[in-house]
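For reference, the chains in residue letters:
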Amino acid sequence: MSKNASKTPKKAAEKQKPRKTYLFRIYPSHKQTQTLEKWLGWCCEVYNAALDERKSAYRLAGVSLSYEHQCAELPDCKQVRPQLYEVPSQVLQDVVKRVDLAFDNFFRRVEEGQKPGYPRFKSRFRYDALTFKQYGNSFNILPGNKKNRGTLVLAKLGHQRDAENGNC
């Protein structure tokens, strides 16, 4: 084995940042469920609009839009669609990041000679997750005591019930 071949996996491992991710199953109230359903619908619209914008920009002007460019346009989108003010900004940024990752994966598959699978529009029923990505800004965890676990607090949504005790 050559020296370069042994260093390649190590360098790839060093470049990746360690990530700590927690997946919470929440038990929202009826009102919170309605709010989350609205948010999912609007996020699906933003996803499809961002995808359409990228496709149109390349088809009409030969320009590739970046994640940063599309995120910078989100405040203007909120001017046009005021209901987007109800959705936390970081959740909307994650929607644009999903579009960016879909195109990254598409181009990676093209380079590797695999079946590419161009990014597709999503129906509301296939868009079923929201990401609150920054602790202290888009979500917080309040410490618990001996009786119940900690409480998850989501931005613009509030406290989430504890699964075991039904506490808020």
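Residues numbered from 1 in each chain as written. Predicted model: local features only at pLDDT ≥ 70, side-chain atom pairs only at ≥ 80, totals over all residues. Heavy atoms only, no water.

1. Section: helix α5 (residues 89-112)
Given 3.6 residues to a turn, an α-helix orients residues that are three or four positions apart in the same direction.
Part 1: Along its 24 residues, α5 runs 35 Å from first to last C-alpha, staying within 8% of the 34 Å computed at 1.5 Å per residue.
Part 2: Summarising the contacts, the buried residues of α5 are in contact with α2 (30-61), α3 (67-72) and α4 (74-80).
Part 3: Immediately beyond the C-terminal end of α5, within one or two residues, lies Gly113, with a positive phi of roughly 80 degrees. (Helix = DSSP H or I, 4+ residues; strand = E, 2+ residues; numbered from the N terminus. Expected span 1.5 Å × (residues − 1). Contact = heavy atoms within 4.5 Å.)

2. Remarks on the sheet that holds strand β2 (residues 151-154)
Part 1: What the three strands build is an open sheet, ordered β1-β2-β3; its pairing is antiparallel. Taken across any chain shown, the strands that pair with only one partner, and hence form the sheet edges, are β1 (139-142) and β3 (158-159). (Pairing = 2+ DSSP bridges.)

3. Things to note about α2
Part 1: For α2, with 32 residues, the first-to-last C-alpha span of 46 Å sits near the 46 Å given by 1.5 Å per residue.
Part 2: One or two residues past the end of α2 sits Gly62, with phi positive at roughly 70 degrees.

4. Here's the deal with the state of the cysteines
Part 1: As enumerated under the stated definition, the model contains zero disulfides in all.
Part 2: Free of any disulfide, Cys43 has its nearest cysteine sulfur in Cys44, 8.8 Å distant. (Disulfide = S-S within 2.5 Å.)

5. Notes on the layout of surface pockets
Part 1: If you add up the space inside the largest pocket, you get close to 1000 Å³.
Part 2: For the largest pocket, the lining is made up of 26 residues, of which Tyr22, Leu130, Thr131, Phe132 and Lys133 are closest to its centre.
Part 3: Listed by contribution, the elements that provide at least two residues to the lining of the largest pocket are α2, α5, β1 and β2.
Part 4: Looking at which element gives the most residues to the lining of the largest pocket, the answer is α5, with four residues.
Part 5: For the lining of the largest pocket, the per-class residue count stands at 17 nonpolar, two polar and seven charged. (1 Å grid on protein atoms, 1.4 Å probe; cavity = no way out; pocket = protein on both sides within 12 Å on 5 of 7 lines; lining within 4 Å. Points joined across faces, edges and corners; volume = space filled by probe spheres on them. Nonpolar A, V, L, I, M, F, W, Y, C, P; charged D, E, K, R; others polar.)

6. Overview of a nonpolar patch on the surface
Part 1: On the surface, Tyr22, Phe24, Tyr135 and Ile141 cluster together into a nonpolar patch covering about 460 Å² of accessible area.
Part 2: Tracing the chain through its elements places Tyr135 in the loop between α5 and β1.
Part 3: Note on Tyr135: relative accessible area 52%, which makes it exposed. (Patch = residues over 30% accessible without salt bridge, like charges linked within 9 Å, V, L, I, M, F, W, Y side chains within 5 Å. Areas by Shrake-Rupley, 256 points an atom, 1.4 Å probe, with all protein chains shown as cover. Salt bridge = Lys/Arg side-chain N within 4 Å of Asp/Glu carboxyl O. Buried < 20%, exposed > 50% of the residue type's maximum accessible area, 1.4 Å probe, protein only.)

7. Remarks on the nonpolar core
Part 1: Formed by 29 residues in total, the largest nonpolar core has its most connected members in Trp39, Cys43, Tyr47, Val87, Leu92, Tyr127 and Leu154.
Part 2: Residue assignment for this core shows that the elements contributing at least two residues are α2, α3, α5 and β2.
Part 3: Considering each element in turn, this core owes the most residues, 10 residues, to α2.
Part 4: If near-sequence neighbours (up to four positions away) are discounted, Leu154 is found in contact with Ile26, Phe132, Ser138, Phe139 and Gln160. (Core = buried A, V, L, I, M, F, W, Y, C linked by side-chain atoms within 4.5 Å.)

8. A short note on the pairing of β2
The side chains of a regular strand alternate, first on one face of the sheet and then on the other.
Part 1: Burial along β2 is two-sided: Thr151 and Val153 and Leu152 and Leu154, pointing in opposite directions, are all buried.
Part 2: Where β1 lies against β2, four bridges are found, and the strand directions are antiparallel. For Asn140, the partnering residue across the bridge sits in β2 and is Val153.
Part 3: Strand direction decides the pairing type here: β2 and β3, joined by two bridges, are antiparallel. Across the sheet, Leu154 pairs through a bridge with Gly158, a residue of β3.
Part 4: Connecting β2 to the antiparallel partner β3 that follows it, the hairpin turn spans three residues, and Lys156 within it adopts a positive phi of roughly 60 degrees.

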